[in-house]
Amino acid sequence: MSPLARYTGLIERYRDRLPIDDDAEIITLREGNTPFIRLRNIPRRLAKEVQLYVKYEGLNPTGSFKDRGMTVAVTKAVAEGSRAIVCASTGNTSASAAAYAARAGLTAFVVIPDGKIAQGKLAQALMEGAVVIQIKGNFDDGLRIVKALVKEAPVTIVNSINPYRLQGQKTAAFEIVDDLGRAPDYHCLPVGNAGNITAHWIGYCEYAGAHGECLTSACLFCGGKCPYARNAVSDKRPVMVGYQATGAAPFMRGHMVDQPETVATAIRIGHPQSWEQAWKVQEESGGWFDECTDDEILAAQKLLAEKEGIFCEPASATSLAGAMRDIEGGKIAENSTIVCTLTGHGLKDPDAAIRQSTGPLLRVDATLAEVKRAILGNMA
Ligand SMILES: *Cc1c(COP(=O)(O)O)cnc(C)c1O
């Protein structure tokens with residue numbers, strides 16, 4: 001794409017690698033094309049030499065990567081004549097579903113856990129006109145109900161079990177290869193339902209495959225012959241690393257978790273829907289899963305904001321928290337290129353940010369002398 005070309009959304013940009021019919025009405029908010037940023041201050045603090053990048057997905061139209069999947073899922077729902085969409089959500093899927101439904105003129109029904117949703121996400125779903133259904137249960141309960149519901153009601157499910165969601169989300173991997181000129185050595189992501197780590201792997205595999213070659217069994221979309229692998233863009237694929245929150249880490253326990261708990265509400269999930277696929281991603285890429293404590297997650301969130309000026313929500317910082325630990329510990333090789341996905345924007349969850357802020361917030365009289373004293377007393 002020429003730097004001056006008008007960007008019109010990820011479906012137009014990657015149309016030849018997406019399941020979109022020629023005459024489809026595209027429902028877009030110009031999602032994708034998010035900043036790919038090389039960190040400069042955090043790597044200097046690490047004991048090892050690495051090239052560390054973040055993909056800032058918080059700068060999508062509704063503030064999370066969910067928009068990549070939603071533009072494709074809602075475009076398909078419209079093409080199929082659907083009049084309403086439904087999802088269970090820890091927050092970001094509902095914000096995205098509500099926005100794309102509004103754009104398309106559909107009704108969005110969103111099922112969210114009572115109380116455990118970040119304020120910004122709730123505000124979005126309400127403003128964007130979704131019918132918000134709060135249940136006295138967690139995300140896993142919500143998804144179980146929604147999956148049963150769509151067998152009985154004329155609504156399209158837009159959770160990541162909708163295969164079009166992962167098709168849209170795979171474009172993040174395309175963008176990274178296009179920006180970097182090759183695939184990174186490692187790609188680190190926070191893992192909840194494990195849809196996003198699967199989607200990224202599908203994207204990397206399609207970019208590395210040639211002419212119908214299918215390089216992964218984690219993609220359930222086309223069954224062995226990939227219609228989107230046409231010319232190999234990159235010759236390698238990254239090691240995929242998935243990090244979970246300690247209180248919601250079924251991939252570490254080796255089984256589902258019934259009462260997931262973490263400050264990172266976006267990954268407060270105990271029954272991941274892409275369980276089988278994510279294990280294939282781990283195996284095929286030679287990667288691994290690990291867990292981070294809530295304290296580690298919040299510390300990484302703060303460090304990223306303080307040292308790089310990049311504000312992501314707690315769940316997103318899980319990728320960086322885990323990556324920093326594995327760089328220092330040597331699991332991630334020295335001199336390698338690493339990409340951490342920052343899944344959502346920090347403004348989604350102002351409460352979590354303010355709760356852990358340590359200042360300085362100074363209260364002084366409204367005089368030149370007092371303000372000057374506050375400044376001179378706090379110069380670095
Ligand atoms: C949805 C979400 C995740 C988890 O992605 P999965 O595909 O469910 O693994 C992580 N972070 C944020 C901010 C999210 O919204």
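Right, let's walk through the structure included here. (Residues numbered from 1 in each chain as written. Predicted model: local features only at pLDDT ≥ 70, side-chain atom pairs only at ≥ 80, totals over all residues. Heavy atoms only, no water.)

**Some details on a nonpolar patch on the surface**
So, point 1. On the surface, Leu362, Val364, Val371, Ile375, Leu376 and Met379 cluster together into a nonpolar patch covering about 570 Å² of accessible area.
So, point 2. Given the relative accessible area of 60%, Met379 is considered exposed. (Patch = residues over 30% accessible without salt bridge, like charges linked within 9 Å, V, L, I, M, F, W, Y side chains within 5 Å. Areas by Shrake-Rupley, 256 points an atom, 1.4 Å probe, with all protein chains shown as cover. Salt bridge = Lys/Arg side-chain N within 4 Å of Asp/Glu carboxyl O. Buried < 20%, exposed > 50% of the residue type's maximum accessible area, 1.4 Å probe, protein only.)

**Brief notes about the site of the ligand**
So, point 1. Around the ligand lies a shell of 15 residues, among which Lys66, Asn92, Asn193, Asn196 and Thr343 are the nearest.
So, point 2. Here Asn193 contributes a backbone N or O atom positioned 2.8 Å from an oxygen atom of the ligand.
So, point 3. Protein burial of the ligand: of its 380 Å² of free accessible surface, 97% is covered by the chains.
So, point 4. The cavity where the ligand resides is the largest cavity.
So, point 5. The residue makeup of the shell around the ligand, split by class, is six nonpolar, seven polar and two charged. (Near = heavy atom within 4 Å. Polar contact = N/O pair within 3.5 Å; in protein donor to acceptor, adjacent residues only side chain to side chain. 1 Å grid on protein atoms, 1.4 Å probe; cavity = no way out; pocket = protein on both sides within 12 Å on 5 of 7 lines; lining within 4 Å. Sits in = over half its atoms within 2 Å of the grid points. Nonpolar A, V, L, I, M, F, W, Y, C, P; charged D, E, K, R; others polar.)

**A few points about the pairing of strand S5 (residues 131–135)**
Consecutive side chains of a regular strand alternate in pointing toward one face of the sheet and then the other.
So, point 1. In this sheet, S5 lies alongside strand S4 (residues 107–113) in parallel orientation, the contact comprising five bridges. Residue pairing in the sheet places Val111 in a bridge with Ile133 of S5.
So, point 2. Each parallel crossover has a hand, and the one from S4 via helix H5 (residues 119–127) to S5 is right-handed. (Pairing = 2+ DSSP bridges. Helix = DSSP H or I, 4+ residues; strand = E, 2+ residues; numbered from the N terminus. Right-handed = clockwise from strand over helix to strand, strands pointing away.)

**A word on the sheet that holds strand S6 (residues 156–157)**
So, point 1. On the basis of which strands lie adjacent, the open sheet formed by four strands has the order S5-S4-S3-S6 and parallel pairing. Sheet topology places S5 and S6 at the edges, where each strand pairs with a single neighbour.
So, point 2. Alignment of strand S3 (residues 84–88) against S4, held across five bridges, turns out to be parallel. What sits directly across from Ile85, in S4, is Ala108.

**So, empty space enclosed by the protein**
So, point 1. Throughout the structure, instances matching the rule amount to two cavities of 30 Å³ or more.
So, point 2. Here the largest cavity defines a volume of roughly 310 Å³.
So, point 3. Contributing to the lining of the largest cavity are 27 residues, with Phe65, Lys66, Asn193, Ala266 and Ile269 lying nearest its centre.
So, point 4. Sort the elements by how many residues they give to the lining of the largest cavity and helix H9 (residues 195–208) lands first, with three residues.
So, point 5. Each residue belonging to the lining of the largest cavity can be placed in one class, and the counts come to eleven nonpolar, 13 polar and three charged.
So, point 6. There is about 60 Å³ of room inside the second largest cavity.
So, point 7. Around the second largest cavity, the lining residues are Ile202, Cys205, Glu206, Glu213, Cys214, Leu215, Thr216, Cys219, Cys222 and Cys226. (Points joined across faces, edges and corners; volume = space filled by probe spheres on them.)

**Re the nonpolar core**
So, point 1. Val74, Ile85, Val158, Ile197, Tyr204, Met240 and Phe251 are the most contacted members of the largest nonpolar core, which totals 51 residues.
So, point 2. Where this core is concerned, the elements lending two or more residues are helix H1 (10–13), helix H3 (66–79), S3, helix H4 (92–104), S4, helix H8 (171–180), H9 and helix H11 (275–285).
So, point 3. With residues near it in sequence (within four places) discarded, Ile197 still touches Leu189, Val191, Met240, Val241, Gly242, Ala278 and Val281.
So, point 4. Among the nonpolar cores identified, the runner-up in size contains 35 residues, and Leu52, Ile267, Ile310 and Ile327 belong to it. (Core = buried A, V, L, I, M, F, W, Y, C linked by side-chain atoms within 4.5 Å. Contact = heavy atoms within 4.5 Å.)

**Examining H3**
So, point 1. A rise of 1.5 Å per residue sets the reference length of H3, with its 14 residues, at 20 Å; its end C-alpha atoms lie 20 Å apart and thus fit the reference within 8%.
So, point 2. Across the 14 residues of H3, twelve count as buried, placing the element largely inside the fold.
So, point 3. All of the buried residues in H3 are Lys66, Asp67, Arg68, Gly69, Met70, Thr71, Val72, Ala73, Val74, Thr75, Lys76 and Ala77. (Expected span 1.5 Å × (residues − 1).)

**Remarks on the pairing of strand S8 (residues 239–245)**
So, point 1. The element S8 is largely enclosed, with a buried count of seven among its seven residues.
So, point 2. Sheet topology places strand S7 (residues 186–190) next to S8; five bridges connect them, and they run parallel. Bridge pairing in S8 links His187 to Met240.
So, point 3. Read as a crossover between parallel neighbours, the route from S7 over H9 to S8 is right-handed.
So, point 4. As judged from the five bridges shared by S8 and strand S9 (residues 288–292), these two strands associate in the parallel manner. Across the sheet, Tyr243 pairs through a bridge with Asp290, a residue of S9.

**Description of the pattern of salt bridges**
So, point 1. Going through the model one piece at a time under the given rule, you end up with 16 salt bridges.
So, point 2. Among the salt bridges present, the one from Glu313 reaches Lys121, with a minimum N-O distance of 2.7 Å. In this pair, Glu313 is assigned in the loop between helix H12 (294–308) and helix H13 (314–328) and Lys121 in helix H5, connecting sequence segments 192 residues apart. Side by side, Glu313 and Lys121 carry an identical accessibility label, which is buried.
So, point 3. Across the pair Glu306 and Lys302 runs a salt bridge, and its minimum N-O distance is 2.8 Å. A residue pair is termed a helical-turn pair when its members lie 3 or 4 positions apart in one helix, as Glu306 and Lys302 do in helix H12 at four residues.

**As for the sheet that holds S7**
So, point 1. Taken together, the six strands give an open sheet; going across it, the order is S1-S2-S10-S7-S8-S9, and neighbouring strands pair in mixed fashion. A strand with exactly one partner marks an edge of an open sheet, and here the two such strands are strand S1 (36–38) and S9. Looking at each pair of strands side by side, their axes are set apart by 25° on average, direction ignored.
So, point 2. In this fold H11 packs onto S8 and S9, with an angle of close to 115° to the strand it touches most, S9. (Axes fitted to C-alpha atoms, helices over the stretch in contact; angles between N-to-C directions.)

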